[in-house]
Structures are given as structure tokens and as C-alpha cells.
Amino acid sequence: MGSKKGNKHPEKALKGTFITNAKPGQHADGNGLYLVVEPNGAKHWIFRAVFNGKRRKVGLGPLSTVS
């Protein structure tokens, strides 16, 4: 396809200040990577992709472990 190496939308990559102040919900970082902020303030990363025609979420770990 027409993409260059690296993130498809680097201008949309989450910045440190946004991550620190993020409200509850899922926040896209690009290429299927999401920061999930729970209502209690806990933050973790997930990867969303399609495998065999089904959407899957893979947990990558908490923000404190995975920078």
C-alpha cells in the first residue's frame, strides 16, 4: 500500500501530557494501538486487529510497565 515505514498517522500519536491527563475511554495512538483509561483512572495499552475476519483485542500491559 502507499504507507511509509513507521506510524500511519504520526501527527495523531499520543503525547505525554495527553496521556497524563487522559479522560476515561479508548484513545487511538495509531496502527491499532490504544490507550485505555478506566473510570477509576487506571491506564493500560491494548492492540486491536482483525484475525481470520474477527476483531480481537490483545492486552499489552499497564502504562506503568509499557511506556
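Residues numbered from 1 in each chain as written. Predicted model: local features only at pLDDT ≥ 70, side-chain atom pairs only at ≥ 80, totals over all residues. Heavy atoms only, no water.

A.B. asks: Mind laying out the pairing of strand E4 (residues 54-62), listing which residues take part and the relevant values?
C.D. replies: The pairing of strand E3 (residues 43-51) with E4 spans eight bridges and is classified as antiparallel. Looking across to E4, one finds that phenylalanine 51 is bridged to lysine 54. What sits between the antiparallel neighbours E3 and E4 is a turn of two residues, in which asparagine 52 has the positive phi angle 50°. (Pairing = 2+ DSSP bridges. Helix = DSSP H or I, 4+ residues; strand = E, 2+ residues; numbered from the N terminus.)

A.B. asks: Just give me the short version of the side chain of histidine 27, but keep the residues and values in it.
C.D. replies: Within the element layout of this structure, histidine 27 appears in strand E1 (residues 25-30). The exposure class assigned to histidine 27 is buried, which follows from its relative accessible area of 16%. A distance of 2.8 Å separates a polar atom in the side chain of histidine 27 from the backbone oxygen of lysine 23. When neighbours within four sequence positions are excluded, histidine 27 is seen to be in contact with Leu14, Phe18, Ala22, Leu33, Tyr34, Leu35 and Val37. (Buried < 20%, exposed > 50% of the residue type's maximum accessible area, 1.4 Å probe, protein only. Polar contact = N/O pair within 3.5 Å; in protein donor to acceptor, adjacent residues only side chain to side chain. Contact = heavy atoms within 4.5 Å.)

A.B. asks: Residues and numbers for a nonpolar patch on the surface, please.
C.D. replies: A cluster of nonpolar side chains, namely Phe51, Val58 and Leu60, defines an oily patch on the protein surface of about 260 Å² accessible area. Along the chain, the position of valine 58 falls in strand E4. Take valine 58: its relative accessible area is 37%, and that puts it in the partly exposed class. (Patch = residues over 30% accessible without salt bridge, like charges linked within 9 Å, V, L, I, M, F, W, Y side chains within 5 Å. Areas by Shrake-Rupley, 256 points an atom, 1.4 Å probe, with all protein chains shown as cover. Salt bridge = Lys/Arg side-chain N within 4 Å of Asp/Glu carboxyl O.)

A.B. asks: Before we move on, could you go through the side chain of lysine 43 and cite the residues and values that matter?
C.D. replies: Tracing the chain through its elements places lysine 43 in strand E3. No salt bridge is formed by the buried lysine 43; its nearest oppositely charged neighbour, glutamate 38, is found at 12 Å. Here isoleucine 19 takes part through its backbone oxygen, which lies 2.6 Å from a polar atom of the side chain of lysine 43. What lysine 43 contacts, discounting residues up to four positions off in sequence, is Ile19, Thr20, Asn21, Ala22, Leu35, Val36, Val37, Pro62 and Leu63. (Lys, Arg positive; Asp, Glu negative; His and termini not counted.)

A.B. asks: So what's going on with the nonpolar core? Which residues, and what values?
C.D. replies: Core analysis: the biggest nonpolar cluster contains six residues, these being Leu14, Ile19, Ala22, Leu35, Val37 and Trp45. For alanine 22, the residues in contact, after removing those within four places along its chain, are His27, Leu35, Val37 and Lys43. (Core = buried A, V, L, I, M, F, W, Y, C linked by side-chain atoms within 4.5 Å.)

A.B. asks: For the environment of alanine 49, give the residues involved together with the corresponding values.
C.D. replies: Position of alanine 49 relative to the elements: it lies in strand E3. Residues alanine 49 and asparagine 31, spaced 18 residues apart in sequence, show a C-alpha to C-alpha distance of 8.9 Å. Here alanine 49 is in contact with Lys54, Arg55 and Arg56, once residues within four sequence places are set aside.

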